[in-house]
Amino acid sequence: MDTLGSRLKDLRQKSGLSLRELARQANVSPSFVSQIENGKSQPSVATLYAFSQRLNVSVDQLFEGRIDGETDAASAAGSGVVESARAGEGGLTDPALVWQPSEFANRISVVHPRHRSHLDMAAGVVWERLAATPEPAVSFMKIVYAPGACSADTEELSQHSGYEYGYVTMGQLEVTIGDEIFLLNEGESLGFDSSIPHVFRNPGGAEMQGIWFVHGRSRPH
């Protein structure tokens, strides 16, 4: 999260949008955009999607860059880790560091739990990227909602292109899709068209965790 603001600023400048124009298009104040870019505030999920749509990038591009542990086969093969894989806890080998070079190297991603790229957003919402591949239309994430956390900081529902599939592994998640409200408990799942206005909220007193898969966003609209 320390660099989310700087990534947003860099993408905004490359797009040619002024701070005020991005704020106008995303329906937030210029001062709020400035605070986010300077790391003083955190966007909601809805605001993050609004930014990605206006900047014409996928949300996946807003995650911090690949770091130690978030290694694909190509980088592993090029760094010599095939010969000396680092041992993890309990003497187990980190699977991200034992790739054999192959023709599929740039299409494989393995991430150690301690080294996941993540986005910390407003109200206690966290996204952790579970895999990073060149596919631009896919986001594969673990999501965490603190008690009372919501994906939007207003009553307005968000929408974007693509389809979402989710599975709750812990706690509860209230999902509003259009005029329908669904309460997902541990072990329950759903899928829906993301172009339908929607919002997520944790109505319980315990943390909610889930696995989320967003597919089909070839380009944000």
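Residues numbered from 1 in each chain as written. Predicted model: local features only at pLDDT ≥ 70, side-chain atom pairs only at ≥ 80, totals over all residues. Heavy atoms only, no water.

Relative to strand 8 (residues 180-184), strand 7 (residues 173-177) runs antiparallel, the two sharing five bridges. From the neighbouring strand, isoleucine 177 faces strand 8, where its bridge partner is glutamate 180. Counting the residues between successive antiparallel strands, the hairpin from strand 7 to strand 8 contains two residues, one of them, glycine 178, with a positive phi of roughly 60°. (Pairing = 2+ DSSP bridges. Helix = DSSP H or I, 4+ residues; strand = E, 2+ residues; numbered from the N terminus.)

Here we take up the packing of helix 2 (residues 19-26) against helix 4 (residues 45-55). Between two packed helices, the angle of one axis relative to the other and the distance separating the axes together describe the packing. Across the interface, helix 2 lies against helix 4 with an axial gap of 9 Å and an inter-helix angle of 120°. With respect to helix 4, the axis of helix 2 lies oblique. Here the hand of the crossing between helix 2 and helix 4 comes out right-handed. Residues Leu22, Gln25 and Ala26 of helix 2 touch helix 4, and the partners they reach there are Ala50, Phe51, Arg54 and Leu55. Taken together, the residues of the contact of helix 2 with helix 4 break down into five nonpolar, one polar and one charged. (Axes fitted to C-alpha atoms, helices over the stretch in contact; angles between N-to-C directions. Parallel < 35°, antiparallel > 145°, perpendicular 65-115°, else oblique. Left-handed = near helix turned anticlockwise from the far one by under 90°. Contact = heavy atoms within 4.5 Å. Nonpolar A, V, L, I, M, F, W, Y, C, P; charged D, E, K, R; others polar.)

Turning next to helix 3 (residues 30-37). Within the sequence span of helix 3, burial applies to Phe32, Val33, Ile36 and Glu37. Taken around the axis of helix 3, the buried residues stretch over an arc of 135°, which confines them to a single face. Elements that come into contact with the buried residues of helix 3 comprise helix 1 (4-15), helix 2 and helix 4. Glycine 39 occupies a position one or two residues after helix 3 and carries a positive phi of about 75°. (Buried < 20%, exposed > 50% of the residue type's maximum accessible area, 1.4 Å probe, protein only. Arc of directions from axis to C-beta.)

Moving on, we get to the pattern of salt bridges. Counted according to the given criterion, the structure contains five salt bridges. Measuring nitrogen to oxygen at the nearest pair gives 2.8 Å for the salt bridge that ties arginine 116 to glutamate 128. With arginine 116 in the loop between strand 2 (109-111) and strand 3 (118-121) and glutamate 128 in strand 4 (residues 125-129), this pair connects stretches of sequence that are twelve residues apart. Taking relative accessible area as the criterion, glutamate 128 reaches 18% and is therefore assigned buried. (Salt bridge = Lys/Arg side-chain N within 4 Å of Asp/Glu carboxyl O.)

Let us look at the environment of isoleucine 181. Note that isoleucine 181 resides in strand 8. Taking the relative accessible area as the measure of exposure, isoleucine 181 reaches 57% and is therefore exposed. If sequence neighbours within four positions are ignored, isoleucine 181 has contacts with Glu174, Val175 and Thr176.

Before going further, it helps to examine the packing of aromatic side chains. As enumerated under the stated definition, the model contains six aromatic pairs in all. Aromatic pair tyrosine 165 and phenylalanine 213: ring centres 6.4 Å apart, planes at 45°, arrangement tilted. Here tyrosine 165 is found in strand 6 (residues 163-170), whereas its partner phenylalanine 213 is found in strand 11 (residues 208-215), with 48 residues between them in sequence. Of the aromatic side chains, those joined through ring pairs into one cluster are Tyr145, Phe192, Phe200 and Trp212. (Phe/Tyr/Trp six-rings, centres within 6.5 Å; stacked < 30°, edge-to-face > 60°.)

So, on to the confidence of the model for the protein. Taken as a whole, the protein shows an average pLDDT of 80; of its residues, 77% reach a score of 70 or greater. Within the model, pLDDT remains below 50 along residues 92-99, and this stretch shows 27 contacts once partners closer than five positions in the same chain are excluded. (pLDDT = per-residue confidence, 0-100.)

Moving on to the nonpolar core. Core analysis: the largest hydrophobic core is formed by 38 residues, its most contacted members being Leu48, Trp127, Tyr145, Leu173 and Trp212. Here this core takes six residues from helix 4, the largest share from any one element. Apart from residues no more than four positions distant in its own chain, leucine 48 is found in contact with Leu4, Pro43, Val59, Leu62, Leu119, Met121 and Trp127. (Core = buried A, V, L, I, M, F, W, Y, C linked by side-chain atoms within 4.5 Å.)

Of all eight residues in strand 5 (residues 138-145), seven are buried, a share of seventy percent or more. Bridging between strand 4 and strand 5 involves five bridges; their strand directions are antiparallel. Opposite valine 125, over in strand 5, you have tyrosine 145 as the bridge partner.

Residue position: glutamate 37 is located in helix 3. Taking the relative accessible area as the measure of exposure, glutamate 37 reaches 10% and is therefore buried. With 31 residues separating them in the primary sequence, glutamate 37 and serine 6 have C-alpha atoms 5.6 Å apart. Apart from residues lying up to four places away in sequence, glutamate 37 is in contact with Gly5, Ser6, Leu8, Lys9, Arg12 and Leu19. Among the polar contacts listed, one links the side chain of glutamate 37 to the side chain of arginine 12, at a separation of 2.6 Å. (Polar contact = N/O pair within 3.5 Å; in protein donor to acceptor, adjacent residues only side chain to side chain.)

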